[in-house]
Amino acid sequence: MTPEQEIATREKQEVQGAEKTRPGRYFVPAVDIRENENELKLWADMPGVSEKDAEVSLNDGVLTIAGKVSPAAYDKLSPLYTEYNIGNYFRQFELNEDIDEARIKARMRNGVLEVELPKREHARPRRIEVSAG
Amino acid sequence: MALIRWEQFDPVGSMLALQEELGRVLRNPAYNLGLSGYGAYPPINIFDDGEGLAIMAELPGVEPASVNLVAQRNTLTLTGNRAREEEKAPGAFHRREREFGEFSRSIQLSEGLDLEKATARFESGVLTVKIPKSPEAKPRQIAVETA
């Protein structure tokens, strides 16, 4: 008996909106974003993207994540049956938080982009001691 | 003057061609390979690589060590667990779109494949299983002798 399927496949969503000058479909990576008092952390599923083909940038409060997949890996392959298409990944987020750009860290791990966006010191909530007078 | 095709300068152009080719056989019922069904995780693509089959599956965030592949007769079964990253830091989630959990998929393979010689590779969250054709299934050149 097969174990219960807890996980389902969601069809890849294409990037809507601004049209790209280059042909080809772009997909929206599924993301998780977690915030705590020190940082924002983002995970984006971008299977097929290696470290050198992932891009993260922060401009005017807009975080852009992008990833390229290489069609060269499919050079000698002719498809018989497919359930998913491949394409580059692209997604943007407007950040309300004040991020310390110099301390942003990003890495690719097993096809997942992980981005750590530390908040600037003054953007963090500070506890002010209330002393008894 | 040499003629150079534009695509050579434009890898995205070849991306479009590839996307069209992949879309052409998207869930093509002509190739019913006894799959456990659409919507099952992970999604898979099956290719002919000249030597045999190349089966690819997108498994982002899955540890290679947790992927389990078993070939029995003509059935290839892929199981594993997509575990959520450890959450040491506290915090609130603004987005939670990624799914986690256990998965299992079986693929019924056609005759004439040599499962003994199957190889698997996991790179950037993509699993590729290559299964060569068995020697009997490969075309064999027959020498024509003269009398």
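Here we summarise the structure given alongside this text.

Criteria and cut-off values
- Residues numbered from 1 in each chain as written.
- Chains lettered and ligands numbered in written order.
- Predicted model: local features only at pLDDT ≥ 70, side-chain atom pairs only at ≥ 80, totals over all residues.
- Heavy atoms only, no water.
- Helix = DSSP H or I, 4+ residues; strand = E, 2+ residues; numbered from the N terminus.
- Buried < 20%, exposed > 50% of the residue type's maximum accessible area, 1.4 Å probe, protein only.
- Contact = heavy atoms within 4.5 Å.
- Areas by Shrake-Rupley, 256 points an atom, 1.4 Å probe, with all protein chains shown as cover.
- Salt bridge = Lys/Arg side-chain N within 4 Å of Asp/Glu carboxyl O.
- Pairing = 2+ DSSP bridges.
- Axes fitted to C-alpha atoms, helices over the stretch in contact; angles between N-to-C directions.
- Buried area = accessible area lost by both parts, 1.4 Å probe.
- Polar contact = N/O pair within 3.5 Å; in protein donor to acceptor, adjacent residues only side chain to side chain.
- Nonpolar A, V, L, I, M, F, W, Y, C, P; charged D, E, K, R; others polar.

## A word on the overall build of chain B
Item 1. Of regular secondary structure, chain B possesses one helix and eight strands.
Item 2. The helix and strand sequence of chain B, counted from the amino end, reads α-β-β-β-β-β-β-β-β.
Item 3. In chain B, which comprises 147 residues, the proportion classed as buried is 39%.
Item 4. For chain B, restricting intrachain contacts to residue pairs at least 6 apart in sequence, the fraction spanning at least 24 positions comes to 50%.
Item 5. Roughly 9,100 Å² of accessible area belongs to chain B as shown, and the carbon and sulfur atoms make up 51% of that amount.

## A few points about the pattern of salt bridges
Item 1. Taken as a whole and assessed by the stated rule, the structure comprises 22 salt bridges over all chains.
Item 2. A salt bridge links A:Glu14 to A:Arg25; its shortest N-O distance comes to 3.7 Å. In this pair, A:Glu14 sits in strand β1 (residues 13-14) while A:Arg25 sits in the loop between β1 and β2 (26-28), placing the two residues 11 residues apart along the sequence.
Item 3. On the basis of relative accessible area, A:Arg25 is assigned to the partly exposed category, the value being 29%.
Item 4. As a salt-bridge pair, B:Lys117 and B:Asp114 come within 3.4 Å of each other at their nearest N and O atoms.
Item 5. Take B:Lys117: its relative accessible area is 54%, and that puts it in the exposed class.
Item 6. Salt bridges linked by common partners bring A:Asp32, A:Asp45, B:Arg82, B:Arg84 and B:Arg98 together as one network.

## Quick notes on the sheet that holds strand β7 (residues 78-82) of chain A
Item 1. In space, the five strands of this open sheet follow the order β7(A)-β1(B)-β2(B)-β8(B)-β7(B), with antiparallel pairing throughout. For this open sheet the edge positions go to β7 of chain A together with β7 (119-123) of chain B, each flanked by a neighbour on one side alone. Ignoring which end each strand starts from, the neighbouring axes of this sheet average 20 degrees apart.
Item 2. Strand direction decides the pairing type here: β7(A) and strand β1 (residues 44-48) of chain B, joined by four bridges, are antiparallel. Directly across from A:Pro79, in β1(B), lies its bridge partner B:Phe47.

## Section: the sheet that holds strand β3 (residues 68-72) of chain B
Residue and element names in this part refer to chain B.
Item 1. If you walk across this open sheet you meet the three strands as β3-β4-β6, and the pairing is antiparallel. Because the sheet does not close on itself, it has two edges, and the strands there are β3 and β6 (101-108). Ignoring which end each strand starts from, the neighbouring axes of this sheet average 15 degrees apart.

## Section: the interface of chain A and chain B
Frequently, the measure chosen for interface size is the accessible area removed from exposure when the parts meet.
Item 1. Residue-level contacts link 55 residues of chain A with 67 residues of chain B.
Item 2. Here chain A packs against chain B, burying approximately 5,800 Å² in sum over the two surfaces, 54% of which is carbon and sulfur.
Item 3. If you look at where chain A meets chain B, you find eight salt bridges.
Item 4. Between B:Arg82 and A:Asp45 there is a salt bridge, and its shortest N-O distance comes to 2.8 Å.
Item 5. Where chain A packs against chain B, one counts 27 residue pairs in polar contact (both at pLDDT 80 or more).
Item 6. The set of elements that each furnish at least two residues to the side of chain A that touches chain B consists of β3 (31-35), β4 (39-45), β7 and β8 (88-94) of chain A.
Item 7. For the side of chain A that touches chain B, a count of residues per class yields 26 nonpolar, 14 polar and 15 charged.

## Regarding the pairing of strand β8 (residues 126-132) of chain B
All names here are of chain B.
Item 1. Counting buried positions along β8 yields six of seven residues, so the element is predominantly enclosed.
Item 2. For strand β2 (residues 52-58) and β8, the ladder comprises seven bridges, and the chain directions are antiparallel. Counted as the bridge partner of Glu 58 is Val 126 from β8.
Item 3. Judged from the five bridges that link them, β7 and β8 form a sheet pairing that is antiparallel. The residue bridging Ala 120 from the neighbouring strand is Val 129, located in β8.
Item 4. Taking the residues between adjacent antiparallel strands as the criterion, β7 and β8 are bridged by two residues, where Ser 124 takes a positive phi near 50 degrees.

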